[in-house]
Amino acid sequence: MRKYWSFFRIRFIRGLQYRAAALSGMVTQFVWGAMEILLFRAFYEASPESFPMTFEALSTYVWLQQAFLALYMVWFWESELFNSITTGDVAYELCRPVRLYDMWFVRGLAVRLSKAVLRCMPILIFSWFLPAPYGLTLPGDMKIWAMTLLSMTLGLLLIVAFGMIVYMSVFYTVSPQGIKLFVTSMAEFLSGSVIPIPFMPDHVKRIVEFLPFASAQNVPFRIFSGDITGPDVYSSMAKQVFWLFVFILIGRILEKRALRQIVIQGG
Amino acid sequence: MNIVRLYVSFILMHLKSMMQHKVSFFMTLIGQFLISFNIFLGVYFMMTRFHEVNGFSYSEVLLCFSITLMAFTLAETIFRSLDTFESIIGNGEFDRILLRPKNSLFLVLCSKIDLTRFGRLLQAVVMLVYGILSSSINWTPLRCLLVALMILGGVCVFGAIYLIFACLCFFTLEGLEFMNVFTDGAREYGKYPIGIYGKTVLFICTYLVPFALFQYYPLLYLTGKSDNAWYSLLPLFSALFLIPAFLLWKFGLEHYQSTGS
């Protein structure tokens, strides 16, 4: 356990070094969030009765999404890992007395967390000061905070576990390009990062909510903004736990099978 | 004429080199298509729920989306090298280009022509055709010309932004991520007519960075929401944005001192 912890720390501290990148990323995210809210405002004015959630909830959702983008973006891939598989450098990693899956999992966690830590606070504070329906609305109940935190953790683990499946699949296909693009665009949409899931048509929504990607950012952000309440909170989180186990299981099976028959090309 | 022939042979060269990895080329093409298809799905779902936004119907929004997407994609294909200009400066490639007996900007543009973006262009074309057929606009030759002008104006505006972006690299020697706000951001939010974002955004996009000149105002005229015929000339004005960008390039070039290694 200790070696994974120190591996986590190395990656985390390394991620914290990129402060200029974080600053410009923050500016980008802030503009993005503002534009997104202005866009939804136009739709809200067109017909408020078609709006599936309150405007405060939507603003909160958007700002959380921007603040914690680094935790839940599917399109963030570490090309180093892909390259190490295709070039055969993964052999060095295999020589180490750690399990490949665990090591890369910890790495994924650390990279995402370090990015998010640098960016989230200014965005959250700034958006908290914005006037009423456009800013971040904080829930009064401490229970909701706790639930959100737990659900965010589950969501993050789920996204990292999903990334692991894609990394492991490269052992079988060698060319990562195609899978990467396809999977990324599907998962992005299904996780509600293009438009929040409540805005999808009802029959599409029913299917999407059953799929694993709805268990990432969708659940914690909607719990926090008060869009998911009561018993739905528990059932959504149960779904998160379920999909997390499924993803980890698939990833580990893929890893085991890949490593049993791995051929390192070249010398 | 000579320059056109040179450019065409550069395109063919890039095409040939990409065809060496056919599978990867087509995969990227499909990937590009899928990524922007996501955005289309978002627009489609929003429009089926709300039916109209600021008086614009679904087909009019599609028209607007396709024009912006097409302009952006063409600009990205042509000006791709400027988007990654910091690497051209960083690895000394630009110093080599300066030694050649042709305009340096032209040679920089030739050094990278990204044809995989055509996956997205295909989608823009499909949406444009659908938008034209299903909208209630009375299509005269003049209106068709206006659509072409809007796309052209858009290419110029995006091109100018890429050029400014590259000029900054002369001084910073590295890329500035927040410039994405103007390129990717404009593509992302230019899917709807800019006017719907409110007065402040419209003001910025009219006087600071002229997105609205090739997108929003001509669209108002095209869809008959405004009778002001001057609006149809605005795309030409938006192309003037290239002039300050080009002057900045000249200025940057004069002050360029290689990276040294």
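The model shown is predicted, which means the values in this text are computed figures rather than measured ones.

**With respect to the overall build of chain A**
A count of helical and extended segments in chain A gives 12 helices and 0 strands. Order of helices (α) and strands (β) in chain A, N terminus to C terminus: α-α-α-α-α-α-α-α-α-α-α-α. Against the compact-globule benchmark of 18 Å for 267 residues, chain A has a radius of gyration of 20 Å, which places it among compact chains. Counting only C-alpha atoms, chain A reaches 65 × 40 × 35 Å along its principal axes. Across chain A, every contact between residues at least 6 apart in sequence was considered, and the portion connecting residues at least 24 apart equals 82%.

**Considerations on the overall build of chain B**
Along the backbone of chain B there are 14 helices and 2 strands. The C-alpha radius of gyration of chain B comes to 19 Å, within 12% of the 18 Å expected for a compact globule of 261 residues. Along the three orthogonal principal directions, the C-alpha set of chain B runs to about 60 × 40 × 35 Å. Sorting the 261 residues of chain B into buried and exposed places 41% on the buried side. In chain B, of all internal contacts separated by at least 6 residues, the share reaching a separation of at least 24 is 78%.

**Digging into the interface of chain A and chain B**
The extent of an interface is frequently quoted as the accessible surface area lost upon association of the parts. Facing the 28 residues of chain A at the interface are 30 residues of chain B. Among the secondary structure elements, those contributing two or more residues to the side of chain A that touches chain B are α2 (19-46) and α9 (177-190) of chain A. Sort the elements by how many residues they give to the side of chain A that touches chain B and α2(A) lands first, with 13 residues. Its residues placed into classes, the side of chain A that touches chain B shows 18 nonpolar, 9 polar and 1 charged.

**What to know about unusual backbone geometry**
All names here are of chain B. Of note, H51 is a non-glycine position whose phi angle comes to about 65°, a positive value. Within the secondary structure, H51 sits in the loop between α2 (22-50) and β1 (52-53). For N54, which is not a glycine, the phi torsion comes out positive at approximately 50°. Assignment of secondary structure puts N54 in the loop between β1 and β2 (56-57). Given 15 C-beta atoms within 10 Å, N54 falls into the partly exposed group.

**Quick notes on the environment of F65(B)**
All names here are of chain B. Looking at the secondary structure, you find F65 in helix α3 (residues 58-83). Of the residues examined, F65 has 25 C-beta atoms within 10 Å and is grouped as buried. For the pair F65 and F182, spaced 117 residues apart in sequence, the C-alpha separation works out to 16 Å. Not counting chain neighbours up to four residues away, the residues in contact with F65 comprise V43, M127 and K191.

**Here's the deal with the confidence of the model for chain B**
Residues at a pLDDT of 70 or more form 98% of chain B, whose mean pLDDT is 87. Predicted complex, confidence summary: ipTM 0.86, pTM 0.88.

Calculation rules
Residues numbered from 1 in each chain as written. Chains lettered and ligands numbered in written order. Predicted model: local features only at pLDDT ≥ 70, side-chain atom pairs only at ≥ 80, totals over all residues. Helix = DSSP H or I, 4+ residues; strand = E, 2+ residues; numbered from the N terminus. Rg over C-alpha atoms; globule rule 2.2 N^0.38 Å. Contact = placed C-beta atoms within 7 Å. Buried ≥ 20, exposed ≤ 12 C-beta atoms within 10 Å, placed from the backbone. Nonpolar A, V, L, I, M, F, W, Y, C, P; charged D, E, K, R; others polar. pLDDT = per-residue confidence, 0-100.

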